[in-house]
Each structure stands twice: as C-alpha cells, then as structure tokens.
Amino acid sequence: MSEQTTPSLLEQLQAHHQAGYLSLHMPGHKENAALAPYLAQLGAEWDITELPGFDDLHAPEGILAKMMDRAAALWGSRKSCLLVNGSTGGLLAAMRGTTRRGDKLLVARHCHKAIYHAMELCGLDPVFLTPATEPTFGLAGSITPEQVADALAQHPDVKLIVYPSPTYDGILSDTAGICAIAHEKGIPVLVDEAHGAHLGLHPAFPPSAMGQGADLAVASLHKMLPSLTQTAVLHATGARLSLPQVVRQAGIFQSSSPSYLLMASMDGCIRLLEEQGEELFAAWKARLDKFDRLASGLKHLRLLGHGAEAGASYPGIFALDPAKILISTRNSALTGVELKNRLREEYKIELEMALDHYAVAMTGLGTDDTMPTRLAEALLALDEAAGPNEEPPAEPLPAYELPPRRMSLEEAAMAPGGLTFLYDGIGKVCGEYIWAYPPGIPLVTPGEEITANLVETVETLYRSGVRLLGTRGKPPFTTFAVADE
C-alpha cells in the first residue's frame, strides 16, 4: 500500500489542541476536557467545529475532500461521501437523489427499515421482490437476476432497484447478474451494503457491490471495520444517475455539525486499509479458517458455511459472507437465546443477536487470534452438554402471499386510525409494519390490506415461536388500522 505523506485528521486535531487556541466557537465544552471526567475519556479536546484548515464536510475542498477521494479509489467508485449519520442517512440520500415522487421501484421485501422510511418520505411506489427462504435456518435468501428480469417485464416503468447484499445474516445476492439486466434498460441499482464495507478489499472475501457494477452502495464502516459507530460511506458511480444530486441529498440527510471525532476515525480506517489491508485481511481469513477446523466436530449445532459445512451451498442462497458465523440450534436441545446467554455468562463471549433457533456471531477486522479457539471450544462444550433436540421437527410454515396494496406507504403511514384486534381488522387498511424474525421480512406494510391470510399466517408464526414485531400494535393480538373514510 502507498505510504501516506500528509498528516492524518487526528494528528491535525491533536496539533490544533496543543497549539493553545482560546476556543470561542462551538462546541460548548471548549476543548476543556477537565470540565468533567467523561469528556477526557471521550477525547473531547479534539472535538471541534469547521475551523480553518479542517475543511467542511458540506463543501469539502481540503483534507475531507482528499479523504473522500481516497475512499473512492479504495472502493472503486466515482464519488464517495463520508456519512456521520450512518448507513441510514446514506440510504435516504441515495433514494431521494435517484427518484421523484410517485416513481416506481423494485425493492427487496427484506430491506432495512431505512429503505421503507425513504419510500414513505419520497412517496415512492414499491414493487416488492420476496427472496426464497433457506430451510435450515429459516433465513431470507438471495434476490435473483431472474426475479428482477420477470418483475421488469411486468413493470417496465421502474426507476430504481434496491436490495441488501450482504444481509444482516451475511447472505449475498448476484449483484453482477442483477446489474447486467437492469443496465440493459438504463435502470440504476442501489445496494444496501451496510454489512459489507469489507467486501472487495481482499480475494478471501466476496466482491463488493461497486466491483460488480452497482450504481450506488451504502456501507457502514463501523460494522466490520475499525471505525467508530455511526460512520459510513455512500458510493456512487455510473451514468444512470446525477452525482451532484446524490451528493446534495447526502448533505440534507446528515447533520450540519458533523463530528470531527467520527470523521477522524474514518480517516484512520481508510489509512489503515491502504497501508496494512493486505496483511490484516489475510490474518482475518486465517482466523476464520482455523475456527472452521476447530469447530468441525459439532454434533447438534450447525454452522452455516462454517465448521464441517465450510464451502457448502444452500437452497435459495447465491453466496455467503464468511465474516458472519450463524449457529443453528434446531437440532440441539438449546434455543438460540439460551446459546447466546450461556456463551455470555459462562465463557464471556458476546454474540451479535439470537432468536429462537439460531444466533449470529459477527467477526471483523479487529477480531483477534483468541477468537477461533475460544468460540470453537465453547460451542463444542455446550453442544456436548445440551445434547440433541428431542422435540419433533416443526411443521413447515405455510406459503404466504403479500397483501394487496390499497394506499401508498406515505398516505397510510400518516393517516388517522387506531388499534384494533388483528382479527377484527380484516378488510381494513393497515397503518403499520408487522415483521417476522426470522427471516426479517415484513408480513404487512402501511397501505396494504389486513387479509384473512395475513391473520392466519401471523397466528401460525406466533404458535411456532417466531418473533413478531409491530411498529404500533402488538402482534398477534393488535394492529394499527387506518380509519375508514
């Protein structure tokens, strides 16, 4: 990697503080770390505003502009915007910058809530693509090029395609194949790559969205790389969108007072990748390979694409991100939640999340050399102690058809209404989201009809132990219905 000759943003912040300026500008702590202990611990002496020499995120010409150029070179985009409001702000900006009110878009049903919020705010008309469900874990699988082609044949007026890759669970879609189909029709592709900032930076990991031809991608640096929480990057390229409009929207959807501490962590992350990325990624891959060898003896717990199943393929999944370790407890006497709790209490291992029948371990560039042995030995011990699941296998979940749309997302989300028992709401317009975890696909969204099929599916999922969440009501009992006209 090339050697950096210019001082880092953190070095400039340190030098400014040591120069002894009298601070008569924002923020209110005035670089006075002695004011309270927490300020010293948080590095408040380097927390400044847009002073001379430190550039302006909303009109970058100096050190921040150079940082964005380096990010664009690293990830292969024409333009990369630093984000201090996380991937959420980037997704809102990308969708606002590439659509107009009333536009139709193809959107994966299992997208992050930020994308649903963007559809509400921008008054967009969604055509949903529902991924297949992977049977072992019950996870939402990949969006396929064939799905996209079929949907575009039925909806030739689509203006944008949006889907997550990788998902929260590390499942990737065929972005190259999807882009080839979309670009033939001049349609831009936006990939929610919040969990994939590490992709494309080393051959041991799958290619990035930018590397596969995506027009827009939004990646959270903090999820998998060494950067502070809330830091992300919006990448844009291609002739199918207006770069100035996307950049303008990025400014609208994030703070006009960006944190220099957050931006300094992004600068440090980019420099680390430039200077040591090759060796750090190789070490990360070596740790994952060691874990696979050590964990291959599990009898009841299953690891998606890891351990004895390293390199395996699964129905409905195009590819997997090896950085995620998904642990299925369906064949074990443990639940996913029990596994997570016992790893925490007995082995001081904190997992990312857990549901009824699986748990997720997220590795990252900062994962150290103790991970393979600690996690593998803990899983082997718990696997042996718990034994097999003596319960009969759960019945497969019923096929589910998305409810018909009767109002726009925007209109229904803002409409008056009230809570109703779910069964009593049949025939009404839903004013909220009801989510099933896993696989994280909303069963109903604002503006869709509450159907008998929806009620039956919600009740079946509830009885089978699937976690149900509503944004206003409490499924399976109540939901928010739009008032009758």
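Counting from 1, residues in each chain are numbered in the order their sequence is written. Reporting of local features is limited, given that this is a predicted model, to residues whose pLDDT is at least 70; pairs of side-chain atoms are given and counted only at 80 or more, and all residues count toward the totals for whole chains, interfaces and linings. With hydrogens and water stripped out, all remaining heavy atoms of the structure feed into the side-chain values.

**Things to note about the pattern of salt bridges**
1) Next: For salt bridges, the criterion is a side-chain nitrogen of Lys or Arg within 4 Å of an Asp or Glu carboxyl oxygen. Counted by the stated rule, this structure contains 16 salt bridges.
2) Next: Ionic pairing is found between R344 and E350, a salt bridge with its closest N-O pair at 2.7 Å.
3) Next: The exposure class assigned to E350 is exposed, which follows from its relative accessible area of 52%. Burial here depends on accessible area, computed with a 1.4 Å probe over protein chains only, as a share of the maximum for the residue type. Under 20% is buried, over 50% is exposed, and the range in between is partly exposed.

**Some remarks on the pairing of strand 1 (residues 79–83)**
1) Next: Strands here are runs of E lasting at least two residues and helices are runs of H or I lasting at least four, both read from the DSSP assignment and numbered beginning at the N terminus. Counting buried positions along strand 1 gives 4 out of 5 residues, so the element sits mostly inside the fold.
2) Next: Pairing between two strands requires that DSSP report at least two bridges joining them. As defined by bridge partners, strand 1 adjoins strand 10 (residues 232–236) across 5 bridges and the pair is classed as antiparallel. Residue pairing across strands places K79 opposite A236, the latter belonging to strand 10.

**A closer look at the side chain of T478**
1) Next: By secondary structure assignment, the location of T478 is in strand 20 (residues 478–482).
2) Next: The term polar contact refers here to a pair of N or O atoms within 3.5 Å; inside protein, the definition further demands a hydrogen-donor-capable atom paired with an acceptor-capable atom, and it admits residues adjacent in sequence only when both atoms are side-chain atoms. Polar side-chain contacts of T478 include one of 3.0 Å to the backbone nitrogen of K474.
3) Next: Only heavy atoms enter the contact rule, under which two residues are in contact if any of them lie within 4.5 Å. Contacts of T478, omitting those with residues within four sequence positions, involve T420, F421, L422, E432 and G473.

**What to know about the layout of surface pockets**
1) Next: A pocket, in this scheme, is an open set of points on a 1 Å grid over the protein atoms alone with protein on both sides within 12 Å along at least 5 of 7 lines, while a cavity is a set where a 1.4 Å probe fits but cannot get out; residues line either one if an atom lies within 4 Å of a point. Grid points are joined across faces, edges and corners, and a volume is the space filled by probe spheres set on the points. Here the second largest pocket is characterised by a volume of approximately 900 Å³.
2) Next: Taken together, 38 residues form the lining of the second largest pocket, with H112, K113, Y168, H195 and Y437 sitting closest to its centre.
3) Next: Those elements that provide at least two residues to the lining of the second largest pocket are helix 4 (86–98), helix 5 (113–122), helix 8 (221–224), strand 15 (358–362), strand 17 (434–437) and strand 19 (467–470).
4) Next: Examining the composition of the lining of the second largest pocket, we find that 4 residues originate from one element, helix 4, more than from any other.
5) Next: Under the scheme applied here, ten amino acids are nonpolar (Ala, Val, Leu, Ile, Met, Phe, Trp, Tyr, Cys and Pro), four are charged (Asp, Glu, Lys and Arg), and all others, including Gly, are polar. Class assignment for the residues of the lining of the second largest pocket results in 18 nonpolar, 14 polar and 6 charged.

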